[in-house]
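The primary structure of each chain is shown beneath.
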Amino acid sequence: MLPEMEGAYVCEGRYRIVRDLAEGSFGAVFKATVLPENTQSVAIKCIPGEIYRKHKFVFKNEIAMLERASGKHKSFLKLVETFQETLKTVTIVDGKEEIKEEAGTLFIVTEFCERGDLFKLVFETTKLRANAQSLKDLFIPVLDAVQSLHDAGIFHCDLKPENVYRRADGTV
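Calculation rules
Residues numbered from 1 in each chain as written. Predicted model: local features only at pLDDT ≥ 70, side-chain atom pairs only at ≥ 80, totals over all residues. Heavy atoms only, no water. Helix = DSSP H or I, 4+ residues; strand = E, 2+ residues; numbered from the N terminus. Buried < 20%, exposed > 50% of the residue type's maximum accessible area, 1.4 Å probe, protein only. Contact = heavy atoms within 4.5 Å. Salt bridge = Lys/Arg side-chain N within 4 Å of Asp/Glu carboxyl O. pLDDT = per-residue confidence, 0-100. Pairing = 2+ DSSP bridges.

1. Some points on the environment of Leu79
Here's step 1: You can see Leu79 is positioned in strand β5 (residues 79-93).
Here's step 2: Overall, Leu79 belongs to the buried group, its relative accessible area being 19%.
Here's step 3: When neighbours within four sequence positions are excluded, Leu79 is seen to be in contact with Leu66, Glu67, Ser70, Ile108, Val109 and Thr110.

2. Describing the pattern of salt bridges
Here's step 1: Evaluation of the coordinates by the stated rule reveals five salt bridges.
Here's step 2: Here Arg14 ties to Glu81 by a salt bridge, and the two come within 2.6 Å at their closest N and O atoms. Highlighted residues: Arg14 in the loop between β1 (9-10) and β2 (15-23) and Glu81 in strand β5, separated in sequence by 67 residues.
Here's step 3: Here Arg14 falls in the partly exposed class, since its relative accessible area comes to 34%.

3. Here we look at the confidence of the model for the chain
Here's step 1: Of all residues in the chain, 95% have pLDDT values of 70 or greater, and the mean over the chain is 85.
Here's step 2: Per-element confidence in the chain ranges from a low mean pLDDT of 66 for helix α4 (residues 126-129) to a high of 94 for strand β4 (residues 41-47).

4. Looking at the pairing of β4
Here's step 1: For β4, the buried fraction is high: five of the seven residues fall into the buried class.
Here's step 2: Here strand β3 (residues 28-34) runs beside β4; their pairing, made up of six bridges, is antiparallel. When the sheet's bridge partners are listed, Ala32 is paired in β4 with Val42.
Here's step 3: As consecutive antiparallel partners, β3 and β4 are separated by six residues, and within that stretch Asn38 has a phi angle of approximately 65°, a positive value.
Here's step 4: Note that β4 and strand β6 (residues 96-111) share six bridges and pair antiparallel. Residue pairing across strands places Val42 opposite Glu111, the latter belonging to β6.

Right, dumping it as structure tokens:
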């Protein structure tokens, strides 16, 4: 769906894509660094312009929910910014450069959670699955965050382990 993005610069050169994190039916998520310092990492969800235009309501709603929730609870993912720009990619085909432009690509920039998602932790860590107290300690903050969302009138429609992220200190 999206071309190879590693090393690409987006948002007028403010971010450099480091690597792929995940790909879904609407787009992909990448780890990126903030320039010029190159010391802070962010996650950037990229939605191709054609898909954004077709499902504009879905993405406008997602952004509105992120804006409403960001910073309201310690477990909520922090929204950094959103922007649209023409994504230009260069590929080499038969020794010739081909430039492709995708007008109106949507970028949603959020904090980067270094330790990945809950799916990987729970389903790839046998030791954790066998320890009921560890599972409780992991899921109680998730339930607390969901309750805070509901209290704010926000209902997460895609709650699953792949959408719960862990920060460097292990918190969700």
